[in-house]
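# Examining the three-dimensional arrangement
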Amino acid sequence: MTTSMPNSALPDEGPRAGLSRRSFMGYVVAGTTLVAAADLALGTPAIAAVPSAPQIPEIYDLEDLQTDAARPTANLIKITVNADGTASFELPRSENGQGITTSTAMIIAEELDLPVDKVSVTLAPARPELLFNQLTGGSNTTVSTYTPVRVAAAIARGALLEAAAIELGSAVALLVSKSGVIVAPDGGSVTYGELAAKAASPTTRQVQVDLKPRSRFSVIGQPVNRVDARDIVTGAKKFTMDLDVPDALPTMVCRPPTLNGSPRSLLNEAEVLAMPGVTDVAKVPTGIAVRAETFGQCIEAIRAMRVDWNPGPVEGESDQTILAKLRKAELPLAVPRVPLLARTVEARFTFMFRSSAALEPFCAIADVREDRAEVWAGLKSPIVAQRNIADALGLPQTAVRVNVVTGGGSFGHKLFGDHAIEAARISRAMGKPVRLMWHRADEPRQGRVHPMCTSRIRATHLAGQVLSFEQRHTSISTDFSHGLGERLTAMAAELPTGLGNLGFSESIFALTQELPYNFGVVTQLLNETDRRFNTGSMRNIYSPDVRCANELVVDQLARAMGKDPLAFRLEFLRSKRVRAVLEKVAEVGHWGRSMPKGTAQGIAIHKEYKGATACLVEIDCRPETVNRTVRDGVTGPRVTRAVFAVDAGLVINPRGLEAQMMGGFSDGLALALTSSLHLRDGHFLEASWDNYFYTRQWNVPPEFEVVVVPSEAEQPGGAGEAGVAASMAAVACAYARATGTMPTKFPINHDDPIRYDVKPFVPPVPAAPTDGLDHTY
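Residues numbered from 1 in each chain as written. Predicted model: local features only at pLDDT ≥ 70, side-chain atom pairs only at ≥ 80, totals over all residues. Heavy atoms only, no water.

### Topic: the overall build of the protein chain
Spelled out, the test is: Segments assigned H or I by DSSP are reported as helices when at least four residues long, segments assigned E as strands when at least two residues long, and all are numbered from the N terminus. Two things to know: the radius of gyration comes from C-alpha atoms, and the globule rule equals 2.2 Å times the number of residues to the power 0.38. For each residue, the accessible area found with a 1.4 Å probe, counting protein chains only, is set against the maximum for its type, and the residue is called buried under 20%, exposed over 50%, and partly exposed in between. By definition in these notes, contact holds between two residues if any of their heavy atoms fall within 4.5 Å.
Of regular secondary structure, the protein chain possesses 20 helices and 32 strands. Relative to the compact-globule value of 28 Å for 777 residues, the protein chain shows a C-alpha radius of gyration of 27 Å, a close match. With respect to the three principal axes, the spread of C-alpha positions in the protein chain is 80 × 80 × 50 Å. In the protein chain, which comprises 777 residues, the proportion classed as buried is 62%. Taking all contacts inside the protein chain whose residues are at least 6 apart in sequence as the whole, residues at least 24 apart take part in 79%.

### Things to note about helix H9 (residues 319–328)
Since the α-helix advances by 3.6 residues per turn, residues separated by three or four positions end up pointing in the same direction. Applicable threshold: What the arc describes is the spread of directions from the helix axis to the C-beta atoms.
Buried within H9 are the following residues: Asp 319, Ile 322, Leu 323 and Leu 326. One side of H9 holds all its buried residues, which, seen down the axis, span an arc of 100°. Exposed residues pointing more than 90 degrees away from the buried face of H9 are listed as Gln 320 and Lys 328. Buried-residue contacts for H9 involve strand E16 (343–351), strand E23 (453–462), strand E24 (465–476), strand E25 (521–529) and strand E29 (679–680).

### Focus: the sheet that holds strand E18 (residues 363–368)
The strands that make up a sheet pair up through hydrogen bonds in the backbone, lying either parallel or antiparallel. Short version of the rule: Following DSSP output, two strands are said to pair if at least two bridges run between them. Every axis in this analysis is a line fitted to C-alpha atoms, fitted for helices over the stretch in contact. Angles between the N-to-C directions lie between 0 and 180 degrees.
Strand order in the open sheet formed by seven strands is E13-E14-E11-E21-E18-E19-E20, and the pairing between neighbours is mixed. Taken across any chain shown, the strands that pair with only one partner, and hence form the sheet edges, are strand E13 (278–284) and strand E20 (400–404). The sheet shows a mean angle of 25° between the axes of neighbouring strands, direction not considered. As judged from the five bridges shared by E18 and strand E19 (residues 373–377), these two strands associate in the antiparallel manner. Opposite Asp 367, over in E19, you have Glu 374 as the bridge partner. Contacting strand E11 (249–254), E13, strand E14 (287–292) and strand E21 (434–437), helix H8 (residues 295–304) runs over the sheet at an angle of about 25° to E11. Packing of helix H11 (residues 418–430) onto the sheet brings it into contact with E11, E13, E14, E18, E19 and E21, and relative to E18 it is tilted by some 35°.

### Concerning the pairing of strand E4 (residues 77–81)
Buried residues dominate E4, accounting for four of its five residues. Summarising the sheet, E4 and strand E5 (residues 87–91) pair through three bridges and their orientation is antiparallel. Looking across to E5, one finds that Ile 79 is bridged to Phe 89. If you look at the hairpin formed by E4 and E5, you'll find five residues sitting between the two strands, and Gly 85 has a positive phi there, around 90°.

### Here we look at the environment of Arg 622
Which entries qualify depends on this criterion: Here a polar contact is taken to be a pair of N or O atoms separated by no more than 3.5 Å, where protein atoms must pair a possible hydrogen donor with a possible acceptor and residues adjacent in sequence count only if both atoms sit in side chains.
By the element assignment, Arg 622 lies in the loop between strand E27 (611–620) and helix H18 (623–626). For Arg 622, a relative accessible area of 28% corresponds to the partly exposed category. A sequence separation of 162 residues divides Arg 622 from Thr 460, and the C-alpha atoms of the two residues are 34 Å apart. Excluding residues within four positions of it along the chain, Arg 622 makes contact with Pro 596, Lys 597, Gly 598 and Thr 599. Among the polar contacts made by the side chain of Arg 622, one reaches the side chain of Asp 620 at a distance of 2.9 Å.

### Notes on the packing of helix H16 (residues 565–572) against helix H17 (residues 576–588)
For clarity, the threshold we go by: Here roughly perpendicular refers to angles of 65 to 115 degrees, roughly parallel to angles under 35, roughly antiparallel to angles over 145, and oblique to all remaining angles. Two helices that cross are described as forming a left-handed crossing if the nearer one is turned anticlockwise from the farther one by less than a right angle, and a right-handed crossing if clockwise. Polar here means any residue outside two lists: the nonpolar Ala, Val, Leu, Ile, Met, Phe, Trp, Tyr, Cys and Pro, and the charged Asp, Glu, Lys and Arg; Gly therefore counts as polar.
Look at H16 against H17: their axes get within 10 Å of each other, and the N-to-C directions meet at 160°. Viewed along their axes, H16 and H17 adopt a mutual orientation that is roughly antiparallel. Helix-helix and strand crossings are classified by hand; for H16 and H17 the assignment is left-handed. Each of Leu 566, Arg 569 and Leu 570 in H16 lies in contact with H17, whose residues at this interface are Arg 579, Leu 582, Glu 583 and Ala 586. Of the residues belonging to the contact of H16 with H17, the class tally is four nonpolar, no polar and three charged.

### Section: helix H2 (residues 62–70)
H2 sits mainly inside the fold: seven of its nine residues count as buried. For H2, the complete set of buried residues consists of Leu 62, Glu 63, Asp 64, Gln 66, Thr 67, Ala 69 and Ala 70. Between the side-chain oxygen of the N-cap and the backbone nitrogen of Glu 63 there are 3.1 Å, and the N-cap of H2 in question is Asp 61.

### A closer look at the packing of aromatic side chains
Inclusion rule: Classification of ring pairs uses Phe, Tyr and Trp, with its six-membered ring standing for Trp, and accepts pairs whose centres are within 6.5 Å; under 30 degrees between planes counts as stacked, over 60 as edge-to-face, and the remaining range as tilted. When the NZ atom of lysine or the CZ atom of arginine is within 6 Å of a ring's centre and also within 35 degrees of its normal, the charge is said to sit over that ring.
Evaluation of the coordinates by the stated rule reveals 15 aromatic pairs. When the ring of Phe 533 is compared with that of Phe 684, the centres are 6.5 Å apart and the planes differ by 45°; the resulting orientation is tilted. Pair noted here: Phe 533 is in the loop between E25 and helix H15 (543–560) and Phe 684 is in strand E30 (residues 683–684), with a separation of 151 residues, a long-range link. A residue is classified by how much of its surface remains accessible, and Phe 533, at 6% relative accessible area, is buried. Here Phe 684 falls in the buried class, since its relative accessible area comes to 1%. Relative to Phe 704, the ring of Phe 665 lies with its centre 5.2 Å away and its plane at 50°, an arrangement referred to as tilted. With Phe 665 in helix H19 (residues 654–673) and Phe 704 in strand E31 (residues 703–708), this residue pair connects regions lying 39 residues apart in the sequence. Put simply, the rings of Phe 469, Tyr 517, Phe 519, Phe 568 and Phe 572 touch in pairs and so form one group of aromatic residues. Against the face of Trp 438 rests Arg 255, its NZ or CZ located 3.9 Å from the ring centre. In this arrangement the basic side chain of Arg 445 is found over the ring face of Phe 761, its NZ or CZ atom lying 3.8 Å from the centre.

### Some details on the nonpolar core
Definition in use: Nonpolar core, defined: a set of buried Ala, Val, Leu, Ile, Met, Phe, Trp, Tyr and Cys residues in which side-chain atoms within 4.5 Å join the residues together.
Counting 78 residues, the largest nonpolar core has Phe 349, Phe 519, Leu 557, Phe 568, Leu 582 and Val 617 as its most contacted members. Contact partners of Leu 582, with chain neighbours within four places excluded, come to Leu 566, Arg 569, Leu 570, Leu 573, Ile 603, Ile 605 and Ala 614. Of all hydrophobic cores here, the second largest spans 45 residues; its members include Ala 87, Ile 108, Ala 199 and Ile 652.

If you want it as structure tokens, here you go:
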């Protein structure tokens, strides 16, 4: 039996006549076993208190846009109750470590009265009929799926109760469901498995269902380990490279020495083909591909290749030349420098290129035949990837099957199907299945990066009040060619004029950036330029850089007005939720405690994703700490303590939320202090994790605490990206207070001398290591 909700959205004025806030309409869909379809047309509503002078995200934000876009096709996803008493759900999103398969299983278990371990949540393949409803991004998965998935589960439970009433000779109202068993007053019982077929309906029918009140929750809100945790730590978890696809041999690509160069020809093809294990070589737009029996043999073949290359579009460019172009594109500030009697605080910040590579490198398996293709990969926008693969192969989209595989991290990287498209092209060129893996050196040099950007701020204050706060954010173009996850918006973003992509950028910026202070006239504007780089929506998109600049200037305003940074924020905040997390983090972190010279506390806030966050850190900038030695490592200032407070609305899994905040903090710490790419002569110097200095164990604070602040919200907020912005800003503010100098370039160590040997660009990958045990601790 299948249940679904109606395809039309609710009226703006509220629920339909006769339905309470917990009542929903749906359908039991015809089938041979019980199946319930979740209709996101009834997805989480946006409810916001509108202040007198609201900013756009206070009224309608990116969460609302994504949720509304998913509504029309929400009834096409289904929950199935199986004959063994388990429930199955194909989630039209991508799991990349954020824990959404666990939280979704908890939501279903709650409403269906099943143990979590009897709910199987897998990832749906690309389904073009879902339109906007298969994009994973913007921390939106739980926000947009919470209510409709609950409704589908509740409809399934209702159908099981109806079937049980007939089976047990009792009234539905007298039956009790628990842990997959329905019990009658006389002690008679029947399992969900025994009822699955009997509850099925030969026809589709409309039903009404009431959801559980929050007071009866027994699963939602409880700390639960990830459902796949054991498989991950034991190696049983299947990622793309673990899949057994017949004859899909290891494949890698020899890539150009400069960014986005292209191959003219392979000059020694016969020599390469004669190397041990090598089966095939092919030229593709991104380089020279090689297929062999092992990845080690692929690496040796790449190192032996002699390739004639076309130069890339940024040949000869460097950090300095790109920054100069950015500054020419900056929009002007509107408020005069010195309004009558007022004083001005003004600052300019620069944020360098950063890699969004995950621990799992780009990888994909492709099997392309003359009339069809099948691809397996971690993908957050699989419908767009399917269309792009079809276009690259000259096939109809219906002839391409794209299987979404759990990814080993994403951070925005897997919004793009670069790896899947490349694998399909190689498989077509070789006429064989391929198991493509990018080398780690490929990721920072040719992969997706967070764009370089600048942020200018001018604020004016008079008589203890902030009169205006202007921000002009200028960035290398952020690629939004994935659109909202389907063909039309993706094609609009790809228009050759660039205006479509710029429109997306400015829309995303406007829907995410909010300054939750009473600072008089507030304007935050974006301009983007230069589309020659491979960019993407790195975790939290614009917010870490924008918030870092904001909070540093907030500290400068507090100093100019003779106020404590915490007291200043509390005085000017206009959001109760932000105030609550700020007060909590100050309390737990003991704001204002006495600290030695060269050390300091920093504090910052952020408001996004239907929630609020605050972070307090303590940093040690004393010479003996900054200059400490770690073999092959970048040290510098050390954050010694961090406290992070979060109001994420209704929390599904507190343990998962804490993990996301810890990961977000690690990102923010790296963005503030250590991680960046250096552009020299048309290519990035960094290659792999040994010289791209993301947060390491010796840089994380020995003391770290997450406080989940109780929320009155009835709906979940986003969590996957919520930890980054406040963390980066707090670290920057602490550094400024510890050193007496406000940092203006990030990461703070970017201009330090290069402390590593730059790997060669020809060949593009280093030799496979043979002394790994010599580098263990």
